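# Close look at the chain arrangement
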Amino acid sequence: MNRFIRNIGSTGLLLLLSLSFATAQVKGFMSGRPLPAKGLISVIGGAGVAYYMGDLRDGVDFGHLGLGPALSIGASYRFTEHLSLRAELRGYHVSADQKYSKNYSNNLSFRTTNPDLFVGIQADLFRFSRQARVNPYLVAGGGVTYLRPQARLDGQWHNLAPLTTEGKKYSRLPFFYTGGIGFLASLTERWSVGLELSNNFLLSDYLDDASDKYPNPDALPSDLARRLSDRAAELPGGQARNAGDIRGNPDSMDAYLFFKVRTQYLLASRQFVKERKKTRCPKFR
């Protein structure tokens, strides 16, 4: 995690250094040329909900969505009229319980609160100099997340990854790729607010600690691992699973979806904001 935090710090430093480049471009404002878009930096943040899609959910049960909070903070660097580079540190919480699914007899459940680091490109529909009141956009990119699945047993929460509940170790730092859509509405010359829906596709099937088959229980490292690997016998009339029985689907990777309110604050000089306000396009241009 220390390396993870250092990488985030390096990203933030590069973005802040780019601010000096953006400020230097203010010199040409009074020359009659269009206000420059390249080099502008904005601070961005978001808050909303996260939704899990994986082996412990076999459909959308609107009564038991298992939604959790999702938060993000970061910055964007504009390098054309339509394109910006975004870097964000995000956190999300998701959960699921098979007692609400068709595979209820397996009786598996989990929760996880994970950080991730996202870097991507935002493509705005309208050019920056148009100063549209509402600007829809697409976003695409990827990053890395840190998996921390847990399950509850005898009133206590236990970390699942170290227990190797399927008899194998897996990477707790998988990559993911993201696609999404959203819009930003201008409130002032600096502030914007909007909504964004994005889906994050993991290159891993272990967000929920379930992926493949039940292992030989004798091969697991502890009694705790055996109990959390196979929980079918906890149900009334339930029977322990055999080694090789299906526990998950390794051909379908896990994913987590975000629906968030986004805010954006433009880091620019007062002179830039003043000149930008003067050059605002007519409403119907």
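Above this text is the structure in question.
So, here is what we can say about the structure in this document.

Definitions and limits used
Residues numbered from 1 in each chain as written. Predicted model: local features only at pLDDT ≥ 70, side-chain atom pairs only at ≥ 80, totals over all residues. Heavy atoms only, no water. Helix = DSSP H or I, 4+ residues; strand = E, 2+ residues; numbered from the N terminus. Buried < 20%, exposed > 50% of the residue type's maximum accessible area, 1.4 Å probe, protein only. Contact = heavy atoms within 4.5 Å. Areas by Shrake-Rupley, 256 points an atom, 1.4 Å probe, with all protein chains shown as cover. Patch = residues over 30% accessible without salt bridge, like charges linked within 9 Å, V, L, I, M, F, W, Y side chains within 5 Å. Salt bridge = Lys/Arg side-chain N within 4 Å of Asp/Glu carboxyl O. Core = buried A, V, L, I, M, F, W, Y, C linked by side-chain atoms within 4.5 Å.

With that settled, consider the overall build of the protein chain. Within the protein chain, the secondary structure is distributed over three helices and 10 strands. Walking the protein chain from its N terminus toward its C terminus, one meets helices and strands in the order α-β-β-β-β-β-β-β-β-β-α-β-α. Here the protein chain, with 285 residues, has 45% of them falling under the buried criterion. A sequence separation of at least 24 residues applies to 74% of the contacts in the protein chain between residues at least 6 apart. For the protein chain, the computed accessible surface area is about 14900 Å², with 60% contributed by carbon and sulfur atoms.

This brings us to a nonpolar patch on the surface. Taken together, the side chains of Val-49, Leu-67, Val-134, Leu-138, Ile-181, Phe-183, Leu-195, Leu-197, Phe-259 and Val-261 make up a nonpolar region of the molecular surface, amounting to roughly 810 Å² of accessible area. Within the residue set of the nonpolar patch, elements represented by two or more residues are strand E5 (134-145), strand E8 (175-186), strand E9 (191-202) and strand E10 (255-267). Note on placement: Val-261 falls in strand E10.

Turning our attention to the nonpolar core. Counting residues in hydrophobic clusters, the biggest one holds 24 residues, and the most contacted among them are Tyr-52, Leu-56, Tyr-92, Val-94, Leu-207 and Tyr-256. Looking at this core, the elements that each hand over two or more residues are strand E1 (41-53), strand E3 (83-97), strand E4 (109-124), E5, E8 and E10. The biggest single contributor to this core is E3, with three residues. With near-sequence residues (within four places) excluded, Tyr-52 lies in contact with Arg-57, Val-94, Ser-95, Ala-96, Phe-110, Leu-207, Asp-208 and Ala-255. In terms of nonpolar packing, the next biggest core, distinct from the first, is built from seven residues, Ala-151, Leu-153, Leu-160 and Ala-225 among them.

In this section: the pattern of salt bridges. Under the defined criterion, the tally for this structure stands at 10 salt bridges. One salt bridge connects Glu-196 with Arg-262, and the closest N-O pair in it is separated by 3.8 Å. Linking Glu-196 in strand E9 with Arg-262 in strand E10, this pair joins segments that are 66 residues apart in sequence. We note a salt bridge from Lys-213 to Asp-212, for which the minimum N-O separation is 3.5 Å. For Lys-213, a relative accessible area of 44% translates into the label partly exposed. Salt bridges sharing partners connect three or more residues here, namely Arg-86, Glu-88, Glu-196 and Arg-262.

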